[in-house]
Structures are given as structure tokens and as C-alpha cells.
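# An overview of the molecular structure
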Amino acid sequence: MNLHTDIPTHTEVERLLAARDGPCVSIYLPTTPITPEADADRIELKNLAAAAADQLAAAGADRATVLKFRESLNELDDDEDFWAEQSHSLALFASAAGVRTFRLPNRLTSEVEVADRFYVKPLLRAITFPQAAFVLALAAGSVRLVEIVRDGPAFRIDVPGLPSDAASAAGKASIADRSPSRKLQGSEGQKVRLRQYARKVDQALRGVLTGLELPLILAAARPLDDIYRSLSSYPHLVDTGIPGNPENRSDEELAAAARSVLDDLYERELSAIREHFAFSVSRGRGSSDVATVARAATQGAVETLLVDIDEKVPGRVDEETGAVTFSDDDSASYGVIDEIARRVMLAGGDVLAVRKADVPEGAPVAAIFRYPL
């Protein structure tokens, strides 16, 4: 099984947010899933790595630290298998603890940041509204799992142990076969066979999906749609599916339908959050002022945080009071919005990284508080 994206889970993001193995290097660059065109991406990474090395030296890192960083990036550049399977962006985080990479379906711009912590805000977009998902095309006569991204081809995923159809899953020539005792007959017997089939499909998918947080969109006709939903163990199965027999649709047709499902899902979620923010502000439980939100985040008072993925506000946030000191973007500063997001997530709050137009009041942040401040 080869996935072309590896979006971080919330736990992985929290580990990055908590890291203090400084100096920490964060690199983002756009990539292409078209392997023959990946050479340009590798050149861009070399350029960004050189810029990071210069920033490390300017920040006072010793020569051994800079050399170790360059060696780690050189090893990555030499990994042909790594570059053969890319998505639309690459996020790289390097520190004394090692190098961690994530292939993201979102299109991000090239950035380099060196500080005493990782620059994670661009990464948050990928876990806020993942521009990738799985489609489970389930029919009595066939089943397949397809990985989709926002822009790009769909990929068929090889799932070990996945049954080929309902009849073989039940050990029958047909799901209409009756048992020797004649207990399973007609539509009742067929539903029992379909439940056996759906359960085996769910069991096989656990080996692929366990630990992931990508949406799973079901493409199935009734009654198989209802049957699978009643026993699915994957917590990120989307309520809205793709109706009808998926055997009549290609992988690309399923991907197009799934993107519409995701668009509708994310728009509903954003609309509900914006309405909740407006209501909360009217009750003294919300703000879009950076300094106010920073203090609330430090107190663990933020329930939900919206951040502008594109705006960077350099400075520092006091560890005890949450007071913000704005400054120029240098090795002594870091992203204030990134730090606010870190404190919210580590306190159990929800963080959504969105485009500027989706942040209420046009601010770089907007927060809903757990209680009035």
C-alpha cells in the first residue's frame, strides 16, 4: 500500500508544537505528484536548505549543528523513492531530534523559518480541512479504496485482505444461495450475507486507516450503504456519501463526486463556526484582537480558534502572562499566531487554519472563549 499523502494527526502536530529541541528548522515548498517533474522540487529544497543553514549560522548555531542539518537534507535529496511519490506540498521539520516530513495535498508557498520552535501554522490547514480523502466504492460485486486529493489524479489503494465481492466473502457462489438448513432465504438471507461482507471490508480497512484522520466517503447503493454505516469502525466516515452503484463510475468520477461532498461539508462547518463566533462576541466570549486572544490562549480559555493561514505576525508571547511583543521577523522572534495556536491546541482547544476571507472581521485570528474574560 502506497499513500501519496501523509497528513499529520493531531497528536503528531501537538508533538511538533511542544518541541523545544532548538534551533528548529521549518521548511515548506510546493511539489508535484508527477515524478518526472520532481527535479525542480529537489532544486528548490536545496535552495531553501541553504537559506536555512544561513539562518542557523546567524542565530549562533555551531558549525557541527549546521553540518548535521545539511547532511540530513542531502540524504533526503538522494532518496529516489521519496521523490517518486509526492503530493502538492512538502513540509519538513528538522532539529537535533531528527528530520520529519509530511506530504500535503494543499498548495503551499516556499517558506523557511529558524527559531527555538517549529513554524506549524501552514501545516494546520492540512488538518483543518484536509484536501484529501478516501472513497470506499462498495457494491455487492466489487469493492475498492481510492485515495483522492484536491487537484490531481485518484490513486487506487491496495488493501491486504480486502474481499473481492459479497459472495466470495460469504463463501458462496451467490449471495442468493440458501444455506443447507434453509435458514437464510430471500432478501433476509441476502442482507445477512451483505453484513458479513461489510464486516470483512471494515476489518481489512483497519490495517490501512487505523491512526489516520482523513475523511472516508462511502460510495454505495442501499441497502449496502446503510449496512456498512451501521458497523463501520472508522471514526471519520462522512455522513454524506455518494449514492448509487459505484461500479458504474470510474475512480476519477468518484473523486470528482467526493470533492463536492468535501466542499459542502467544510462550508457547513465554517458557516456554523462563524455564526457561533458572532453569538459568542455578543456575550463577551469571543474576540479577534491578537493581544486579547493571546492572553486567553495562555489562560487555557480558548475553545475554538480561527487563524489566517497566510498572515505571519512576528514577535513573542510571554510564557506567563500571554502579553504580546511585536517585532521584526528575525531569528529571535517567531510567529505570534503560530504560538497562540500552539497554546490553544495544547490546552485542548480546536484550531482551524483558514483563508483570510473566512476569518471573522478580517483579522489574523478570531477566538471563541470557554467563558467570558
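Report follows, based on the coordinates. All values derive from a computational prediction rather than experimental measurement. Within each chain, residue numbers correspond to sequence positions counted from 1 in written order. Note on the predicted model: pLDDT of at least 70 is required for a residue's local features to be given, and 80 or more for side-chain atom pairs to be given and counted; whole-chain, interface and lining totals, by contrast, use all residues. Hydrogens and water are ignored here; the side-chain numbers use all heavy atoms of the structure.

## Regarding unusual backbone geometry
How we decide: Runs of H or I in DSSP of at least four residues are treated as helices and runs of E of at least two as strands, each being numbered from the N terminus.
Pro223 follows Arg222 through a cis peptide bond whose omega is 10°. Considering the arrangement of structural elements, one finds Pro223 in the loop between strand 8 (216-220) and helix 8 (224-231). Positioned with a positive phi, Glu361 is a non-glycine residue whose angle comes to about 65°. Within the secondary structure layout, Glu361 lies in the loop between strand 15 (350-354) and strand 16 (365-369).

## Here's the deal with the pairing of strand 12 (residues 314-317)
Every regular strand shows the same layout, with side chains that alternate between the two sheet faces. Selection criterion: Two strands qualify as a pair provided DSSP detects at least 2 bridges between them.
Relative to strand 14 (residues 334-335), strand 12 runs antiparallel, the two sharing two bridges. If you follow Pro314 over to strand 14, its bridge partner there is Gly335. With three bridges joining them, strand 12 and strand 13 (residues 324-326) adopt antiparallel strand pairing. Bridge pairing in strand 13 places Gly315 opposite Phe326.

## Re the layout of surface pockets
Short version of the rule: Throughout, the protein atoms alone are placed on a 1 Å grid, and a set of points is a cavity if a 1.4 Å probe fits but cannot get out or a pocket if it is open with protein on both sides within 12 Å along at least five of seven lines; lining residues have an atom within 4 Å of a point. Grid points are joined across faces, edges and corners, and a volume is the space filled by probe spheres set on the points. Here the term charged refers only to Asp, Glu, Lys and Arg, the term nonpolar to Ala, Val, Leu, Ile, Met, Phe, Trp, Tyr, Cys and Pro, and the term polar to all other amino acids, Gly among them.
Quantified by volume, the largest pocket comes out at close to 770 Å³. What lines the largest pocket is a set of 38 residues, and nearest its centre among them are His10, Ile127, Thr128, Pro130 and Glu213. Of all elements in the fold, only helix 1 (10-18), strand 3 (98-104), helix 5 (121-128), helix 9 (251-282) and strand 15 reach the threshold of two or more residues within the lining of the largest pocket. When residues of the lining of the largest pocket are assigned to their parent elements, the largest contribution, five residues, is made by helix 9. Here the residues of the lining of the largest pocket sort into 19 nonpolar, nine polar and ten charged. As a volume, the second largest pocket reaches approximately 190 Å³. Thr65, Lys68, Phe69, Ser95 and Ala96 are, among the 13 residues lining the second largest pocket, the residues nearest its centre. If you tally residues by element for the lining of the second largest pocket, the top one is helix 3 (residues 63-77), at four residues.

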